[in-house]
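Structural overview for review
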Amino acid sequence: MGNNLLQGKKGIIFGALDKNSIAWKVAEEVYAEGGRFVLTNAPAAVRMGSIKSLAKELDCPLMAADATNEEDLNKLFDLAESEYGKIDFVLHSIGMSPNVRKKRGYTNLHYKFLGKTYDISAISFHKIMQLLYKRDLMNEWGSILALSYIAAQRTFSDYNDMAEAKALLESIARSFGYHYGKKAKVRVNTISQSPTQTTAGTGVKGFDKMYSYAELLSPLGNATAEDCAKYCVMMFSDYTRRITMQNLYSDGGFSNMGISKELLDALSLE
Ligand code: NAI
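What this report covers is the structure whose coordinates are included nearby.

Rules and cut-offs
Residues numbered from 1 in each chain as written. Predicted model: local features only at pLDDT ≥ 70, side-chain atom pairs only at ≥ 80, totals over all residues. Heavy atoms only, no water. Helix = DSSP H or I, 4+ residues; strand = E, 2+ residues; numbered from the N terminus. Buried < 20%, exposed > 50% of the residue type's maximum accessible area, 1.4 Å probe, protein only. Areas by Shrake-Rupley, 256 points an atom, 1.4 Å probe, with all protein chains shown as cover. Lys, Arg positive; Asp, Glu negative; His and termini not counted. Charge placed at Lys NZ, Arg CZ, Asp CG, Glu CD. Polar contact = N/O pair within 3.5 Å; in protein donor to acceptor, adjacent residues only side chain to side chain. Near = heavy atom within 4 Å. Nonpolar A, V, L, I, M, F, W, Y, C, P; charged D, E, K, R; others polar. Patch = residues over 30% accessible without salt bridge, like charges linked within 9 Å, V, L, I, M, F, W, Y side chains within 5 Å. Salt bridge = Lys/Arg side-chain N within 4 Å of Asp/Glu carboxyl O. Axes fitted to C-alpha atoms, helices over the stretch in contact; angles between N-to-C directions. Parallel < 35°, antiparallel > 145°, perpendicular 65-115°, else oblique. Left-handed = near helix turned anticlockwise from the far one by under 90°. Contact = heavy atoms within 4.5 Å. Pairing = 2+ DSSP bridges.

**Examining the overall build of the protein**
- Summing up its helical and strand segments, the protein has 11 helices and seven strands in all.
- Each principal axis of the C-alpha distribution contributes one length, and for the protein these read about 60 × 45 × 40 Å.
- Counting across all 270 residues of the protein, residues that qualify as buried make up 51%.
- Total accessible area computed for the protein in this model is approximately 13100 Å², and 52% of it derives from carbon and sulfur atoms.
- Within the protein, the 30 negative side-chain charges are centred at a point lying 4 Å from the centre of the 32 positive side-chain charges.

**What to know about the environment of Asp265**
- Relative to the assigned elements, Asp265 resides in helix 11 (residues 261-268).
- In this structure the C-alpha to C-alpha distance between Asp265 and Thr224, which are 41 residues apart in sequence, comes to 24 Å.
- Looking at Asp265, its side chain comes within polar contact range of the side chain of Lys261, at 2.7 Å.

**Considering the site of the ligand**
- Taken together, 27 residues sit near the ligand, with Ser21, Asn41, Lys166, Thr196 and Thr198 positioned nearest.
- Its free accessible area being 820 Å², the ligand has 92% of it covered by the protein chains.
- Elements represented by at least two residues in the shell around the ligand include exactly strand 5 (138-148) and helix 8 (199-202).
- When residues of the shell around the ligand are assigned to their parent elements, the largest contribution, three residues, is made by helix 8.
- For the shell around the ligand, the class distribution of residues is 13 nonpolar, 12 polar and two charged.

**A few points about a nonpolar patch on the surface**
- Together, Ile259, Leu264 and Leu267 make up a nonpolar patch on the protein surface, roughly 280 Å² of accessible area in all.
- Note that Leu264 resides in helix 11.

**Details of the packing of helix 4 (residues 70-84) against helix 6 (residues 111-135)**
- Contact geometry of helix 4 with helix 6 gives a least axis separation of 10 Å together with a crossing angle of 50°. Between helix 4 and helix 6, the angle is such that the two are oblique. For the crossing formed where helix 4 meets helix 6, the hand is right-handed. Contacts between helix 4 and helix 6 pair Glu70, Leu73, Asn74, Phe77, Asp78 and Glu81 from the former with Lys127, Ile128, Leu131, Leu132 and Arg135 from the latter.
- Classifying every residue of the contact of helix 4 with helix 6 by side-chain character gives five nonpolar, one polar and five charged.

**A closer look at the sheet that holds strand 5**
- Read from one edge to the other, the open sheet built from seven strands follows the order 3-2-1-4-5-6-7, with strand pairing classed as parallel. Two strands bound the open sheet, and with one partner strand each, they are strand 3 (62-64) and strand 7 (247-250). Across the sheet, the mean angle from the axis of one strand to that of its neighbour is 20°, orientation sign disregarded.
- Pairing of strand 4 (residues 87-92) with strand 5 involves five bridges; the strand directions are parallel. Following the sheet pairing, Ile87 is matched in strand 5 by Met138.

**Overview of the pattern of salt bridges**
- Summed over the entire model, instances satisfying the criterion amount to 10 salt bridges.
- Of the charged contacts, one joins Arg135 and Asp78 as a salt bridge, the two residues approaching to 2.8 Å between their closest N and O atoms. Pair noted here: Arg135 is in helix 6 and Asp78 is in helix 4, with a separation of 57 residues, a long-range link.
- The class of Arg135 is partly exposed, set by a relative accessible area of 24%.
- Asp136 is the partner of Lys86 in a salt bridge, and the nearest nitrogen-oxygen pair spans 3.5 Å.

Written out as structure tokens, the structure is:
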């Protein structure tokens, strides 16, 4: 049961692939709070994934769109506009690195793949916002979010070229946050989430150990996908109207830790 925090608000949610996806949980939480939205994912993900069942469960429109393709995005925004008129919130929950997929390590990057990593995982965020901005599709006091990871600030040995993609994503949030704030009082933020067991997350080499390490270091433990979804609801709600151009941590305290007793104890057992 929700608290109607998003009653009357309309939006678009990118990136729900399966039940584990962070965007899937966000869709469920937003719906429970009264928000309504168009669901979207890459064409292959819509064909093969279980997103259709989510759209059915939540009775919402679904349209395939490659987030790197402006034509696809315009069609998606046509649909959203015909359903709702102007919208109030957008979630960008998209990440993919062909270098990670093809097991090309950081000192052996394929540069065409690197371009794709940036295009899919970061520049798509700019494309989405630029089209929304030009079409004037966001209501005043609207809220736009993308999901990030702390490898944008600190080095994680196997996060590969996704580290640069996240740094770029966070920078785009700051830069666009200025322009969209001035134009229509729209806020733009990134949420930096703990390691989470999803398709994208577990694709990172050594994910299980990274997850355990973060769990031992964070005083509140790793933030779950549900925790992240609730944070997104708050950021879409009217309670956060003047929070913009921030990278916000949903990480159980990880980002301010150095060492914890729990981690030391675990290391001394080895
Ligand atoms: P996921 O694999 O469920 O979601 C990634 C989504 O990106 C998928 O739905 C996929 O279809 C979509 N996608 C890929 N290429 C696309 C394209 N060209 N156009 C449109 N959509 C495309 O995994 P998860 O973890 O829910 O990922 C969501 C976001 O959260 C990503 O930005 C990820 O980097 C971020 N994140 C994930 C963490 C984790 O440990 N799982 C930690 C911190 C951030």
